[in-house]
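# Commentary on secondary and tertiary structure
Each chain, letter by letter, is given below.
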Amino acid sequence: MWDFPIFPKQASTVASSVDNLTLFILSYNVLITAGVFVCLIFCAVYFRQRHKDEVGEQTHGGLLLEISWAVIPTIICLVTFWWGVKVYAELVVPPADATDVYVVGRQWMWKTQYPTGHKEINTLHVPLGKPVKLTITSEDVLHSFWIPAFRVKADAVPGRYTTLWFEATVPGEHRLFCTEYCGTEHSRMIGKVVVHDEADYQKWLTEEAEFGDALQGRKLFTKLQCVTCHAGESQAKAPILEELYMKRVPIGFDKGSPTAPGTSVLVDENYLRESIRYPSAKIVAGWQHPSIMPAYDESLVSEDDLFQVIAYIKSLRRGQTPPRIEATTQPRALGAPQGK
Ligand code: CUA
């Protein structure tokens with residue numbers, strides 16, 4: 001079959017409105033151009049010089065003709081204007097419940113940032129059938145953000161936010177481009193939009209967000225010297241934290257009192273939080289009370305940081321504890337271990 005698509009596939013709610021308007025403009029342009037050429041050829045043939053001494057006849061006026069070439073184009077222009085305003089309004093006014101995603105262009109990449117704080121390069125993950133609003137800017141020169149399948153495009157202007165919105169209707173991957181010449185590697189400033197269905201999007205958001213937090217948490221884990229005692233080897237000075245999340249661990253002391261044999265606790269976020277803020281609250285069986293671990297209170301680990309440390313501990317798999325650096329000393333702020 002002959003397959004020659006004029007437009008890219010339609011993958012957003014506004015795509016068909018944009019295509020219909022474009023087709024309308026395209027079709028009357030083709031018709032007018034064709035009409036001009038038909039008249040031209042007809043006149044050239046019909047009014048040709050038939051005898052050597054033939055002279056052209058002068059005519060003046062032609063009221064019907066003059067009215068029609070004034071009125072018809074005016075109507076066409078007004079219809080185009082009215083239709084254009086309608087589609088433009090559809091394109092520029094995002095629904096109030098649209099998800100915000102921030103986009104920064106720079107030579108030569110697109111950086112995207114989600115409400116969760118997670119960031120990506122040259123990739124945009126969006127939910128299917130939900131409005132998404134992009135707020136776009138540039139770090140250096142003019143770029144232009146374009147998703148052909150969605151029929152949306154907006155310039156990325158340094159020092160200014162531009163916005164566009166869309167609601168994706170086709171799951172899967174679509175291409176995105178920089179569509180304004182911005183330097184030598186302009187043509188490589190391309191990427192993809194990944195459209196997930198709702199459940200898939202939530203899953204992606206959670207996983208990616210936790211992964212992002214976990215990465216930050218790993219830095220804190222070494223910075224706060226956690227790794228000095230919670231090392232990966234068996235002779236570590238504190239329990240190994242790998243693959244601990246949502247497991248039950250046996251407890252030897254609960255709030256200072258020895259526990260009945262077989263007592264255990266579920267390692268969830270709250271247990272991890274308690275053990276960081278109040279290390280002596282629940283002591284793992286086999287370890288002394290009070291804990292030698294200092295209490296990491298608000299002055300040492302903010303709530304934000306704590307989320308990240310916990311996300312990191314949740315993500316820790318067997319053998320992933322970073323190597324202990326013997327040269328590192330305890331941060332001065334921690335002072336002597338508590339409870340000595
Ligand atoms: Cu950025 Cu072209």
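Residues numbered from 1 in each chain as written. Predicted model: local features only at pLDDT ≥ 70, side-chain atom pairs only at ≥ 80, totals over all residues. Heavy atoms only, no water.

## A look at the pairing of strand β9 (residues 172–178)
The two faces of a sheet get side chains in turn, since along a regular strand they alternate between them. To be explicit about the condition: Two strands pair under a simple rule: DSSP has to find at least two bridges between them. To qualify as a helix, a DSSP run of H or I must reach at least 4 residues; to qualify as a strand, a run of E must reach at least 2; elements of each kind are numbered from the N terminus.
Strand direction decides the pairing type here: strand β6 (residues 143–147) and β9, joined by two bridges, are antiparallel. Across the sheet, the residue bridging to Phe 145 is Cys 178, located in β9. Where β9 meets strand β10 (residues 190–196), six bridges bridge the pair, whose relative direction is antiparallel. What sits directly across from Glu 173, in β10, is Val 194.

## Quick look at the nonpolar core
Note the following rule: Take the buried Ala, Val, Leu, Ile, Met, Phe, Trp, Tyr and Cys residues and link them wherever side-chain atoms come within 4.5 Å; each set so joined is a nonpolar core. Burial here depends on accessible area, computed with a 1.4 Å probe over protein chains only, as a share of the maximum for the residue type. Under 20% is buried, over 50% is exposed, and the range in between is partly exposed. We call two residues in contact when some of their heavy atoms are within 4.5 Å.
Core analysis: the biggest nonpolar cluster contains 30 residues, and Leu 124, Leu 134, Phe 145, Phe 150 and Phe 166 have the highest contact counts within it. Non-local contacts of Phe 145, meaning those with residues more than four positions away in its chain, are made with Val 103, Trp 110, Leu 124, Leu 134, Ile 136, Val 152, Lys 153, Ala 154, Leu 164, Leu 176 and Phe 177. One finds Phe 221, Cys 226, Tyr 271 and Leu 306 within the second-largest nonpolar core, a separate group that totals 23 residues.

## Considering the pattern of salt bridges
Heads up, the condition is: Only one rule defines a salt bridge in this text: a Lys or Arg side-chain nitrogen within 4 Å of an Asp or Glu carboxyl oxygen.
If you walk through the whole model with that rule in mind, you get eight salt bridges. Glu 198 is the salt-bridge partner of Lys 130, the closest N and O atoms lying 3.1 Å from each other. Separated by 68 residues along the polypeptide, Lys 130 in the loop between β4 (123–127) and β5 (131–138) and Glu 198 in helix α3 (residues 198–223) bring together distant segments of the chain. Put simply, Arg 188 and Glu 185 hold a salt bridge, and the shortest N to O gap is 3.7 Å. Among the charged side chains, a network of salt bridges with common partners joins Arg 106, Lys 111 and Glu 139.

## With respect to the domain arrangement of the protein chain
Put simply, the rule is: Where each domain starts and ends follows an automatic or database-derived domain assignment.
When its domains are assigned, the protein chain resolves into domain 1 (99–208) and domain 2 (213–332). The C-alpha-based centres of domain 1 and domain 2 are spaced at 38 Å.

## Notes on the packing of helix α1 (residues 15–46) against helix α2 (residues 63–92)
Operational definition: Axis angles are defined between N-to-C directions and span 0 to 180 degrees, where every axis is a line fitted to C-alpha atoms and, for a helix, only to the segment in contact. What sets the label is the angle itself: under 35 degrees gives roughly parallel, over 145 gives roughly antiparallel, 65 to 115 gives roughly perpendicular, and the rest give oblique. Handedness of a crossing is defined here by the sense of rotation of the near helix relative to the far one, left-handed for an anticlockwise turn of less than a right angle and right-handed for a clockwise turn. For this classification, Asp, Glu, Lys and Arg are treated as charged, while Ala, Val, Leu, Ile, Met, Phe, Trp, Tyr, Cys and Pro are nonpolar and the rest, including Gly, are polar.
Where α1 contacts α2, the axes come no closer than 10 Å and their chain directions differ by 160°. The orientation of α1 with respect to α2, classified from their angle, is roughly antiparallel. For the pair α1 and α2, the crossing hand works out as left-handed. On α2, the residues touching Ser 17, Val 18, Asn 20, Leu 21, Phe 24, Ile 25, Tyr 28 and Ile 32 of α1 are Ile 76, Val 79, Thr 80, Trp 83, Gly 84, Val 87, Glu 90 and Leu 91. Of the residues belonging to the contact of α1 with α2, the class tally is 11 nonpolar, four polar and one charged.

## Describing the environment of Leu 220
Following the sequence through the fold, Leu 220 ends up in helix α3. A residue is classified by how much of its surface remains accessible, and Leu 220, at 8% relative accessible area, is buried. Here the alpha-carbon distance between Leu 220 and Arg 160, two residues 60 residues apart in the chain, equals 34 Å. Excluding residues that lie within four positions of it along the chain, Leu 220 makes contacts with Cys 226, Asp 305, Gln 308 and Val 309.

## A short note on the packing of helix α5 (residues 269–277) against helix α6 (residues 303–315)
It is at 10 Å that the axes of α5 and α6 come closest, and there the two elements cross at 120°. Taken together, the axis directions place α5 and α6 in an arrangement best described as oblique. As for the relative orientation of α5 and α6, their crossing is right-handed in sense. In this structure, α5 contributes Glu 269, Leu 272, Arg 273, Ile 276 and Arg 277 to the contact, and α6 contributes Glu 303, Leu 306, Val 309, Ile 310, Ile 313 and Lys 314.

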